[in-house]
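If you want the building blocks of each chain, they are given just below.
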Amino acid sequence: MKRSRIGEIWREEGLRGIVDRVVRKIYRRTNLYQLTISENIGLPEASGLMFAAMTETTLAKMIQDYPEELSEDKRRRLASRLAPDTTDRVFLVTEGEETILGFYCSAYDSLCDDTMNYRVPARPGNVFFFDGYTFLAHRNKGAQKFAAMAMLVEGRRRGCTTASTMVDEGNTFSEKAVARSGFTKAAVIHHFDFRLFKLNFQRELNPAKSPKGD
């Protein structure tokens with residue numbers, strides 16, 4: 001942290017505020033959630049929302065409509081998920097055919113989170129949900145829940161029987177959202193980052209059902 005920023009935190013929050021930020025730099029905890037996909041799952045009726053795979057055209061439109069909410073790194077990552085050799089998928093929830101409410105990603109193979117040096121393992125018959133975002137102007141319209149249900153339907157269509165996702169500890173909004181979609185906590189993953197040395201430790205809450213990470 002820059003000195004000016006440290007001084008600002010000291011004035012507003014004292015020593016505890018500085019210590020809390022240092023701890024967050026080196027330690028992070030994530031919860032792994034999982035559910036069994038029902039054979040009879042379907043989309044809610046009369047929701048007014050639509051679900052479709054992202055294309056180069058709709059990605060360009062999304063960048064044009066929400067430039068401040070899509071960093072260069074995020075644009076690059078979304079574009080890479082359109083490559084023909086990837087098993088990652090990006091879906092959009094729209095209101096009508098023109099208004100994009102958000103994007104939501106799923107993976108059918110192993111997935112590496114570079115920020116935590118953690119690889120989510122591939123597991124036969126499982127779809128992993130990650131990197132979902134609802135644009136600020138369209139929150140509280142049910143887009144995230146609708147996307148989760150639509151991706152479960154898509155996963156079931158592809159032969160998956162389970163789904164999983166990870167949520168950072170303390171992200172109350174996302175924790176409540178995945179719980180409303182039927183996910184239950186299956187494991188806790190502890191991430192330690194000491195610059196060149198990174199370590200992940202996973203504690204299973206239900207070893208019979210939870211996939212293990214690296």
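See the structure above.
Novice: How should the environment of H191 be read in this particular structure?
Specialist: With respect to the secondary-structure elements, H191 resides in strand β9 (residues 184-194). With relative accessibility at 4%, the residue H191 sits in the buried group. As for H191 and T30, which are separated by 161 residues in sequence, their C-alpha atoms are 7.8 Å apart. Here the side chain of H191 touches T30 through a polar contact of 3.1 Å, side chain to side chain.

Novice: Looking at this structure, I do not really get the pattern of salt bridges. What am I missing?
Specialist: For side chains bearing opposite charge, pairing can occur when the charged atoms are close. Taken as a whole and judged by the stated rule, the model has eleven salt bridges. For D73, the salt bridge goes to R76, with nearest N and O atoms at 2.6 Å. Pair noted here: D73 and R76 are both in helix α3 (residues 72-80), with a separation of three residues, about one helical turn. By relative accessible area, D73 is classed as partly exposed at 37%.

Novice: Just to check I follow, could you spell out empty space enclosed by the protein for this structure?
Specialist: Any empty space left between atoms is shown by rolling a water-sized probe over those atoms. By the definition in use, this model includes two cavities of 30 Å³ or more. The volume enclosed by the largest cavity comes to roughly 40 Å³. Across the lining of the largest cavity, the residue classes tally to five nonpolar, one polar and two charged.

Parameters at a glance
Residues numbered from 1 in each chain as written. Predicted model: local features only at pLDDT ≥ 70, side-chain atom pairs only at ≥ 80, totals over all residues. Heavy atoms only, no water. Helix = DSSP H or I, 4+ residues; strand = E, 2+ residues; numbered from the N terminus. Buried < 20%, exposed > 50% of the residue type's maximum accessible area, 1.4 Å probe, protein only. Polar contact = N/O pair within 3.5 Å; in protein donor to acceptor, adjacent residues only side chain to side chain. Salt bridge = Lys/Arg side-chain N within 4 Å of Asp/Glu carboxyl O. 1 Å grid on protein atoms, 1.4 Å probe; cavity = no way out; pocket = protein on both sides within 12 Å on 5 of 7 lines; lining within 4 Å. Points joined across faces, edges and corners; volume = space filled by probe spheres on them. Nonpolar A, V, L, I, M, F, W, Y, C, P; charged D, E, K, R; others polar.

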